[in-house]
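# Structural characterization, general
The primary structure of each chain is shown beneath.
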Amino acid sequence: MNPNMKQLRKKAMSLPLLPGVYIMKDKSDKIIYIGKAKKLKNRVSQYFGSQNNHPVKVLKMVENVDHFDYIVTDSEFEALVLEASLIKQNKPKYNILLKDDKGYSYIRISGDKYKKLEAVLQKYDDGAKYLGPYTSSYSVKQSVDTANKIFKLYTCNKSFPRDFRKTRPCLNYYISQCCGVCTGRISEEEYSESFEQALKFLKGDTESVLKELQEKMVEASENLEFENAAKYRDKIKAVKNMQVKQKVIYKSVEQQDVFATAEHDDTICLVVLRFDNGRLYDSEHFFFESSEESAEIQRSNYITSFYGMRNNIPKQITLDGEAEDSELLERWLTQKRGKKVNIVVPQKGEQAQLVNMCRENAIDKLALYKGKSGKTVAVLEELRELLGLKNSPDYIESYDISHTAGSDSVGGMVVFKDGKPFKQAYKRFAIKGFANDDYGSMNEVLDRRFNEYFKNKDSGEGFGRLPDLILLDGGVGQVNAVMPLLEKYKLDVPVFGMVKDSKHRTRAIAQNGGEIAINSKRQVFTFVSQIQDEVHRYSIAYHHKKHAKSNLSLSLTQIEGVGEKKAKALLKHFKTIKAIKNASVEELCEAQGISEKIAKNIYNFYRTGD
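Presented here is a report on the structure given in the accompanying data block. (Residues numbered from 1 in each chain as written. Predicted model: local features only at pLDDT ≥ 70, side-chain atom pairs only at ≥ 80, totals over all residues. Heavy atoms only, no water.)

Take the overall build of the protein next. A tally of regular secondary structure across the protein gives 20 helices and 19 strands. Computed over C-alpha atoms, the radius of gyration of the protein comes to 35 Å, more than 25% over the 25 Å expected from 2.2 N^0.38 for 610 residues, which places it beyond the range of a compact globule. Taking the principal axes of its C-alpha atoms as reference, the protein extends roughly 100 × 90 × 50 Å. Counting every position in the protein, which comprises 610 residues, the buried fraction comes to 45%. Taking all contacts inside the protein whose residues are at least 6 apart in sequence as the whole, residues at least 24 apart take part in 60%. As presented, the protein carries roughly 32,700 Å² of accessible surface, and 47% of it is formed by carbon and sulfur atoms. Positive and negative side-chain charges of the protein, numbering 97 and 82 respectively, have mean locations separated by a distance of 2 Å. (Helix = DSSP H or I, 4+ residues; strand = E, 2+ residues; numbered from the N terminus. Rg over C-alpha atoms; globule rule 2.2 N^0.38 Å. Buried < 20%, exposed > 50% of the residue type's maximum accessible area, 1.4 Å probe, protein only. Contact = heavy atoms within 4.5 Å. Areas by Shrake-Rupley, 256 points an atom, 1.4 Å probe, with all protein chains shown as cover. Lys, Arg positive; Asp, Glu negative; His and termini not counted. Charge placed at Lys NZ, Arg CZ, Asp CG, Glu CD.)

In this section: the sheet that holds strand β6 (residues 129–134). Taken in spatial order, the three strands make up an open sheet running β5-β4-β6, and their pairing is antiparallel. Bordering the open sheet on either side are β5 (116–120) and β6, each of which pairs with just one other strand. The average angle at which neighbouring strand axes cross in this sheet is 15°, direction not considered. Strand contacts of helix α5 (residues 137–150): β4 (105–110), β5 and β6, with the helix running at about 160° to β5, the strand carrying the most contacts. Of the strands in this sheet, β4, β5 and β6 touch helix α7 (residues 188–202), which is tilted by about 30° from β5. (Pairing = 2+ DSSP bridges. Axes fitted to C-alpha atoms, helices over the stretch in contact; angles between N-to-C directions.)

Here we take up the pattern of salt bridges. Evaluation of the coordinates by the stated rule reveals 27 salt bridges. For the salt bridge of R384 with E381, the shortest nitrogen-to-oxygen distance reads 2.7 Å. Of this pair, R384 and E381 are both found in helix α13 (residues 374–387), three residues apart, which corresponds to roughly one turn of the helix. Taking the shortest distance from any N to any O, the salt bridge between E444 and R448 comes out at 2.9 Å. One end of the pair, E444, and the other, R448, are both in helix α14 (residues 438–456), four residues apart, so they sit about a helical turn from each other. A relative accessible area of 10% places E444 in the buried class. A relative accessible area of 26% means that R448 is categorised as partly exposed. (Salt bridge = Lys/Arg side-chain N within 4 Å of Asp/Glu carboxyl O.)

Before going further, it helps to examine the environment of I150. You can see I150 is positioned in helix α5. On the basis of relative accessible area, I150 is assigned to the buried category, the value being 8%. Taking C-alpha positions, I150 is 31 Å from K372, a pair spaced 222 residues apart along the chain.

Time to look at the packing of aromatic side chains. Within a pair of aromatic rings, the relevant descriptors are the distance that separates the centres and the angle that separates the planes. One pass over the full model with this rule turns up 27 aromatic pairs. Consider the rings of F416 and F527, whose centres lie 6.0 Å apart with planes at 80°: the pair is edge-to-face. Remark: F527 occurs in helix α16 (residues 522–556) and F416 occurs in strand β13 (residues 407–417); sequence separation between them is 111 residues. By relative accessible area, F416 is classed as buried at 1%. On the basis of relative accessibility, which here comes to 6%, the residue F527 falls in the buried class. On the numbers, 5.1 Å between centres and 65° between planes, the contact of Y453 with F454 is edge-to-face. When its relative accessible area of 14% is taken as the criterion, Y453 is described as buried. In this structure, K11 packs its charged tip against the face of F68, placed 4.5 Å from the ring centre. In this structure, R465 packs its charged tip against the face of Y395, placed 3.7 Å from the ring centre. (Phe/Tyr/Trp six-rings, centres within 6.5 Å; stacked < 30°, edge-to-face > 60°. Lys NZ or Arg CZ within 6 Å of the ring centre and 35° of its normal.)

Take helix α15 (residues 476–489) next. Taking 1.5 Å as the rise per residue, α15 with 14 residues should run 20 Å; its terminal C-alpha atoms sit 21 Å apart, in good agreement. The elements touched by buried residues of α15 are α14, β16 (469–473), β17 (495–500) and β18 (506–511). One or two positions beyond α15, positive phi appears at K490, with a value near 55°. (Expected span 1.5 Å × (residues − 1).)

Further remarks concern the pairing of β18. Pairing analysis gives four bridges linking β17 to β18, with the strands arranged antiparallel. Bridging across to β18, G497 finds its partner in A510.

Take the packing of α14 against α15 next. The N-to-C vectors of α14 and α15 enclose an angle of 30°; their axes lie 9 Å apart at closest approach. Accordingly, the angle class assigned to the pair α14 and α15 is roughly parallel. Classified by chirality, the crossing of α15 by α14 is right-handed. From α14, D438, Y439, M442, N443, L446, D447, F450, N451 and F454 reach across to α15, where they touch G477, Q478, A481, V482, L485, L486, K488 and Y489. Per-class residue counts for the contact of α14 with α15 are 10 nonpolar, four polar and three charged. (Parallel < 35°, antiparallel > 145°, perpendicular 65-115°, else oblique. Left-handed = near helix turned anticlockwise from the far one by under 90°. Nonpolar A, V, L, I, M, F, W, Y, C, P; charged D, E, K, R; others polar.)

That's the geometry; what it means functionally is another story.
Below, the structure written as C-alpha cells:
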C-alpha cells in the first residue's frame, strides 16, 4: 500500500473537471505514467480510491507514485495530442510502448564459388556483400525465402566445396526446395546461373529472368536435354505463380494498416499488418501483459503508441473492434499525416477477412511465444470469450456421475490442461451420501473436492490448485446444485454444464441463467464434446469396475460366516474370485479377518456347493 495514498487522493480530489494530461512520478521525480482525461478530477482520483478493482499492472504503478503533475488543455483533442507527444518524449515505464526499433534490413551474399542468400538485420565487416538497406524486414525475409525456394539455393550452414558428400542431403533436397549442392553433383557453373537469376529476381527484374529461363528451356529441349528443360520449365512456372500471387490486390483500400490481438495466459499479442498499393509489405508484432482495461481503451492506446513513434501513417486504419475516442484519434492522425485518415471496424467482406487474417497471425505468434499450438490458443480464447471468462481456461476440471438404478454411484473427474487430457490429475469418487440422486451426488463430489483444496492449497498442485473452469456433465440442474458450494467456500470459479441432445451429443453449455448454444462455434463445439465424452467414459469405466466388484462381493456373502466386510477383504487379498476358488484353507486364512473355520466354509462352498 502506498503510504502517500491519503495525500495523493486529497490532491486528486482538488483537480478541476476539465480535460488535460496527468503525469505520475516516482520518488526520484522520474515519470512512470502519462495519461489523458476528459475530466482530470474524475480520472486521477480513481487511482487513489479503492484498490480492489485495479488490475495488477495499475496497482504496481500506483504503489510507485510519489507525486503527480497535470496540465489542463482546452479540449479533449489537445489532451490526446499532448499525451502522445509526452509519451514519445519520456517513454514512461507503465505506458504501452510499441517501439519502432526494427532498424534496417539487408540481403547478405556470402560464400565464394557457391554463394548463399540470407535476410539479416545488421551489416557486418565480414567479407560478405550486402544489398540494402531496406525498411521492411518482413518484405526482405519473404523475398529471400521465395528466391531460395524458386531457384533451389542452399540455406544450410555448410561450406562448399569443402562439405561435398560428407553427409546425406537434408529434407529440403527431397521436397525439391534445394538443388542438393552437398551431393557434389551440381557444377559451379550450373549453381552460379541459378544464383544470378535469383539475384535478378530479388532486384525486381522478373521479366528478364523469365526471358532467360525461356531461352534456356528451348535450348535444352533442342539439344534433347529433356531433364534440364524440365528444370527450367519448373522455375518458369514458379516465377509466374509468384507473379500471380503478387498481383492479388485488396482493391477496396490501397493503403492501410490492420490491427488485431490475441490474448492467452495473461499475455496479449498485437499484430499490425501494413498494406501499400493493395499488397502486404510489412508485419509487426508486440507482446505485453494483459490489462483489465476495456478493449476499447486498449485499442486507443495501441494506436496512439504505434503512430506516436512513426510518421508513415496510412489512409485507413482497420481494427478488430471499436476504439475509445475514435473521432479524436482520426483527427490526430489526420493532423500528423496531413491528409484524411479513417478508422474502420469492418463487419463483413474483404476487410473483415483481413482482420481475421491479422487475428490468426496474432494467435500463431502468441502460441509460439507460449510454446503451444495455434489451434489450442485459438479454441481456449474462443471458449473464454463465449463464456465471458476473465482468464483463459488453461486448466479445466470436468465431472460426471454414473450409477445403475441408484446403486454403486460414482463420480469421475477429468482434467484438460492446455487443451489436452491431463490424465495424471484424473480422480474418482465413490458416492457416500446419496443414492439415485444425480444433483445430490454432484454436490457431494464438488464438496469433497473443495475440501481437499483447502487442505492442499499450499502445494499448488492436484487438488491444491483451483481450475480456471469447471464443466459438469448435465444442464442447469447440475449447475444449480453446485453453486451454493462456491458461496459456502467463498470461491470464484466459473461453473457451467454440458448439455446433450436426445442422441447423447453435445448441443449447448448451460449456466444458472439458461443455455449458450455452441453449434455454430465449430472449434469450441469439438473441444467441449471431447471433454464431455472423456469424463463420461472415465466415470462409466469406474462404475463398471465398482459394480463388478459389488456383484462379486454379493456372491461371497452367500457363504456362512462371510459378510460384506470379509468379502471385501478376500477380494482385496486375492484380487479375483477364481483365485479364491483355487486357494487352500491355509492360503485363505492369510486374508484379513478370515479364521480357519470360515476358510473351510469357503473352501467347501466352491467345491461342494454347500
